[in-house]
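Structure at a glance
If you want the building blocks of each chain, they are given just below.
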Protein chains: 2
Amino acid sequence: MPPKEPRTEDEFIEQLTDVWKAENAAILWGPGDDCALLKPSTVGYQRVLKTDAVVQNVHFQPTDAPEDVGHKALGRVLSDFGAMGATPESALITIGIPTRVDVEFMRRCYRGMARLASRWKVGLAGGELVRSRILWLSIAGTGIVRRGQAVSRKGAKPGDALCVTGRLGGAFPERHLKFEPRLPEGQWLASRNYATSMMDLSDGLGKDLPRLARASGVSFSVDPSWLPRHRGVTPEQAVNDGEDYELLFTVRAGQIDVVRRLWPFETPITVIGQMLHPSEENRTGGVSFSGFDHIFNKRKRRSS
Amino acid sequence: MPPKEPRTEDEFIEQLTDVWKAENAAILWGPGDDCALLKPSTVGYQRVLKTDAVVQNVHFQPTDAPEDVGHKALGRVLSDFGAMGATPESALITIGIPTRVDVEFMRRCYRGMARLASRWKVGLAGGELVRSRILWLSIAGTGIVRRGQAVSRKGAKPGDALCVTGRLGGAFPERHLKFEPRLPEGQWLASRNYATSMMDLSDGLGKDLPRLARASGVSFSVDPSWLPRHRGVTPEQAVNDGEDYELLFTVRAGQIDVVRRLWPFETPITVIGQMLHPSEENRTGGVSFSGFDHIFNKRKRRSS
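Residues numbered from 1 in each chain as written. Chains lettered and ligands numbered in written order. Predicted model: local features only at pLDDT ≥ 70, side-chain atom pairs only at ≥ 80, totals over all residues. Heavy atoms only, no water.

**Topic: the sheet that holds strand S5 (residues 123-131) of chain A**
Reading across from one edge, S5(A)-S4(A)-S6(A)-S3(A)-S2(B)-S1(B) is the order of the six strands in this open sheet, with mixed pairing throughout. Two strands lie at the open edges of the sheet, namely S5 of chain A together with strand S1 (27-29) of chain B, each paired on one side alone. If you compare each strand with its neighbour and ignore which way they point, the axes differ by 25 degrees on average. Bridging between strand S4 (residues 87-97) of chain A and strand S6 (residues 136-146) of chain A involves nine bridges; their strand directions are antiparallel. Following the sheet pairing, Ile 93 of chain A is matched in S6 of chain A by Ile 139 of chain A. Running at roughly 145 degrees to strand S3 (residues 45-55) of chain A, helix H2 (residues 66-84) of chain A makes contact with S3, S4 and S6 of chain A together with S1 of chain B of the sheet. Packed onto the sheet, helix H3 (residues 103-120) of chain A meets S4 and S6 of chain A and runs at close to 170 degrees relative to S4 of chain A. (Pairing = 2+ DSSP bridges. Helix = DSSP H or I, 4+ residues; strand = E, 2+ residues; numbered from the N terminus. Axes fitted to C-alpha atoms, helices over the stretch in contact; angles between N-to-C directions. Contact = heavy atoms within 4.5 Å.)

**Considering the relation of the copies chain B and chain A**
With an RMSD of 0.0 Å, the operation that places chain B on chain A is a rotation of 180 degrees combined with a shift of 0.0 Å along the axis. Both chain copies can therefore be described as sitting about a two-fold axis. Comparing contact sets, 100% of the residues at the interface of chain B also lie at the interface in chain A, consistent with an isologous, same-surface contact. (Least-squares fit on C-alpha atoms with pLDDT ≥ 70 in both.)

**Considering unusual backbone geometry**
With the exception of glycine, most residues fall at negative phi, and the peptide bonds are largely trans. All names here are of chain A. A cis amide bond, omega 5 degrees, links Phe 172 with the succeeding residue Pro 173. In this fold, Pro 173 is placed in the loop between strand S7 (161-165) and helix H4 (183-191). Phi angles above zero are rare outside glycine, and Asn 193 is one such case at about 55 degrees. Among the secondary structure elements, Asn 193 is positioned in the loop between H4 and strand S8 (195-200). Classification of Asn 193 by relative accessible area gives partly exposed; the value is 47%. (Buried < 20%, exposed > 50% of the residue type's maximum accessible area, 1.4 Å probe, protein only.)

**Some words on H4 of chain A**
Residues and elements named next belong to chain A. Considered for burial, the residues of H4 that qualify are Leu 183, Glu 185, Gly 186, Trp 188, Leu 189 and Ala 190. Buried residues belonging to H4 abut H2, S4, H3, S8, strand S10 (247-251) and helix H7 (256-262). Following H4 by one or two positions, Asn 193 has its phi on the positive side, about 55 degrees.

**A few points about the sheet that holds strand S7 (residues 161-165) of chain B**
All names here are of chain B. Judged by pairing direction, the sheet is antiparallel, and its five strands sit side by side in the order S8-S10-S7-S11-S9 without closing on themselves. Among the strands making up the open sheet, the edge pair consists of strand S8 (195-200) and strand S9 (219-222). Recorded for the sheet is a direction-independent mean angle of 30 degrees between the axes of neighbouring strands. As judged from the five bridges shared by S8 and strand S10 (residues 247-251), these two strands associate in the antiparallel manner.

**Quick look at the packing of aromatic side chains**
Residue and element names in this part refer to chain A. Counting across every chain of the model gives 15 aromatic pairs over all chains. Between the aromatic rings of Phe 179 and Tyr 245, the centroid separation amounts to 3.9 Å while the plane-to-plane angle is 20 degrees, which identifies the pairing as stacked. Here Tyr 245 lies in the loop between helix H6 (235-240) and S10 and Phe 179 lies in the loop between S7 and H4, a separation of 66 residues in the sequence. Across the pair, Tyr 245 and Phe 179 agree in class, each one buried. Seen in terms of ring centroids, Trp 188 and Phe 265 are 6.2 Å apart; in terms of plane orientation they differ by 90 degrees. Their pairing is edge-to-face. (Phe/Tyr/Trp six-rings, centres within 6.5 Å; stacked < 30°, edge-to-face > 60°.)

**Brief notes about the pairing of strand S11 (residues 269-276) of chain A**
Residue and element names in this part refer to chain A. By the criterion of burial, S11 is predominantly enclosed, with six of the eight residues buried. Direction of pairing for S7 relative to S11: antiparallel, over a ladder of five bridges. Paired with Val 164 across the bridge in S11 is Thr 270. Across four bridges, strand S9 (residues 219-222) lies against S11 in antiparallel orientation. Within S11, the residue paired with Val 222 across the bridge is Gly 273.

**Considering the interface of chain B and chain A**
Every contact between the two is made by 73 residues of chain B and, on the other side, 73 residues of chain A. In total, about 6,100 Å² of surface goes out of reach between chain B and chain A, with carbon and sulfur atoms giving 58% of it. At the surface where chain B touches chain A, the tally comes to twelve salt bridges. The interface formed by chain B and chain A includes 17 residue pairs in polar contact (both at pLDDT 80 or more). With ten residues, strand S3 (residues 45-55) of chain B is the largest single contributor of residues to the side of chain B that touches chain A. Across three bridges, the pairing between S3 of chain A and strand S2 (residues 36-38) of chain B is antiparallel. (Buried area = accessible area lost by both parts, 1.4 Å probe. Salt bridge = Lys/Arg side-chain N within 4 Å of Asp/Glu carboxyl O. Polar contact = N/O pair within 3.5 Å; in protein donor to acceptor, adjacent residues only side chain to side chain.)

**Description of the environment of Gly 169 of chain B**
Residue and element names in this part refer to chain B. Structurally, Gly 169 is set in the loop between S7 and helix H4 (183-191). Assessed through its relative accessible area of 1%, Gly 169 is described here as buried. It is 33 Å that separates the C-alpha atoms of Gly 169 and Gly 148, two residues lying 21 residues apart in sequence. Ignoring any residue separated from it by four or fewer positions in sequence, one finds Gly 169 in contact with Arg 175, His 230, Val 233, Gln 237, Ala 238, Asp 241 and Asp 244.

**Describing the side chain of Glu 128 of chain A**
One can find Glu 128 of chain A in strand S5. Not counting chain neighbours up to four residues away, the residues in contact with Glu 128 of chain A comprise Ile 93, Thr 94 and Ile 95 of chain A together with Lys 50, Thr 51 and Asp 52 of chain B.

**A short note on the environment of Ala 86 of chain B**
Residues and elements named next belong to chain B. Residue position: Ala 86 is located in the loop between helix H2 (66-84) and strand S4 (87-97). For Ala 86, a relative accessible area of 0% puts it in the buried group. Distance in space between the C-alpha atoms of Ala 86 and His 277 is 29 Å, their sequence separation being 191 residues. Setting aside residues up to four positions removed in sequence, Ala 86 forms contacts with Val 48, Phe 81, Ile 144, Val 145, Leu 183 and Gln 187.

**So, the pairing of S4 of chain B**
Residue and element names in this part refer to chain B. In terms of burial, S4 is largely enclosed, as ten of its eleven residues are buried. Two strands pair when backbone bridges link them, and S4 and strand S5 (residues 123-131) are joined in this way by eight bridges, in the parallel orientation. By the bridge assignment, Ser 90 is partnered in S5 with Gly 123. What joins S4 to S5 is helix H3 (residues 103-120), and the crossover it makes is right-handed. (Right-handed = clockwise from strand over helix to strand, strands pointing away.)

**Describing the environment of Asp 33 of chain B**
Residue placement: Asp 33 of chain B occurs in the loop between S1 and S2. In this structure the C-alpha to C-alpha distance between Asp 33 of chain B and His 230 of chain B, which are 197 residues apart in sequence, comes to 45 Å. What Asp 33 of chain B contacts, discounting residues up to four positions off in sequence, is Met 84, Val 151, Ser 152 and Arg 153 of chain A. At a separation of 3.1 Å, a polar atom in the side chain of Asp 33 of chain B contacts the main-chain amide nitrogen of Arg 153 of chain A.

Structure, rendered in structure tokens:
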């Protein structure tokens, strides 16, 4: 029996949050109070925080399946946790919702989030509904990582091998909604101290690799023809399409064979280049590294 | 010398985050990585989390001073921390930003947030910029509270005195942008175990008091003519205008005189009623308790 139409904001919130079944022992008080209350993190662990958002007509279209929209909204946050080697705990969901509420769209969107949350034991810590002319979801997540094991963007050294998981490019029109956050892969690389630096690819290798290199104070060399690509994707697209949600990471040259041999996942890993001394020029095999600039972009993204 | 116009998203983010001077020792890694990294909370403390948002043409107007918009956006989160008796630590700022970026508006908006953050030592943990047809800010905050001292909405008992800080009503068109989050007041009430339940008044007493009563499983009696009101505000408006950002809390009847005598703040506190056995009807002195429903509202809010 479908739930009855909500008459008030509080009823609507109850109907949405009821869908969320995943629990996490870190959450002492969840939705329904001014704030969520979290246990102190386990001894020897630190907390990670991440916030991200998806906006209608930018990150998804009104015609996309609502479950996929929810999956993407939460998946973007989990992807960043993967890139730190962290384990997710909780999520707070803030929704900007038009005056004409599409109740069924929102319920299905929550179902998509809740399904992904169940897979990774992400408890619902709380959230907020606000009115907005267009629909958007902003998700803040907390996670934990063992002290000293979080992998930043800053640790790459000249000579390190540069690697990616999965395949790149052609995320539109579909794959950007259905990606799997690389949590176990990132946790594995972090817990064994294999990754000297790591980040997730959300704006495209062409935008994100220069960020990682800048943070680490090194240069890079990539041959785009080596890039693992999805079917029908050119090297230029693999560099600049964006929304891959794969891991970009560096490994000391002497360890890359060990990583490849012990890698226990079906997700492929590929060495796509290496980090260079900062006095050297970046080498990109003649492909323009532009990626996607959300704010000052000249390039038109294929989805919007 | 004003900063030069940003050419890329990363430059723009740097210009905004440079404004933020407040630091908090809990933040190990702030903006610039996939996630923020936080120290474990001090022994004997728990973490609180809160997310909230403001949307253009709903929570603020394009003609409002940008500094005030920033103040309100962060202030809403701090107000909830006050209502738990917590101390803020960090904030993550997610901004939905139109393609035609008003760079100067955003800088001034950040200045308003940064000023409030400095007053309460809220460190910047990170954030995200996303494109959006309308401007909105979604802020996630973390804070700490001593174990066992967080005050929920659930603890009110029949016979408890019902109190508010400050004055109610008439928050529009100005006061809703300039309120002071009641952090010291909430922390004082929580640390001395005076408040049996507490929440902040954001949707109006008429909406929020029934929430507190429902969470606690009690009824309430309020005489709206007792309400401390701003000049020119009717009892009906004091009940239903919303956006007061004052504390609503309950105190055991036997303790209310002590609380009044020891209260060390300039902010007034007023006993406005008492909690009743759940078998009794709520008493509202003939004033309709509707408050503001963000989603299914029939009432038109004066600001929008």
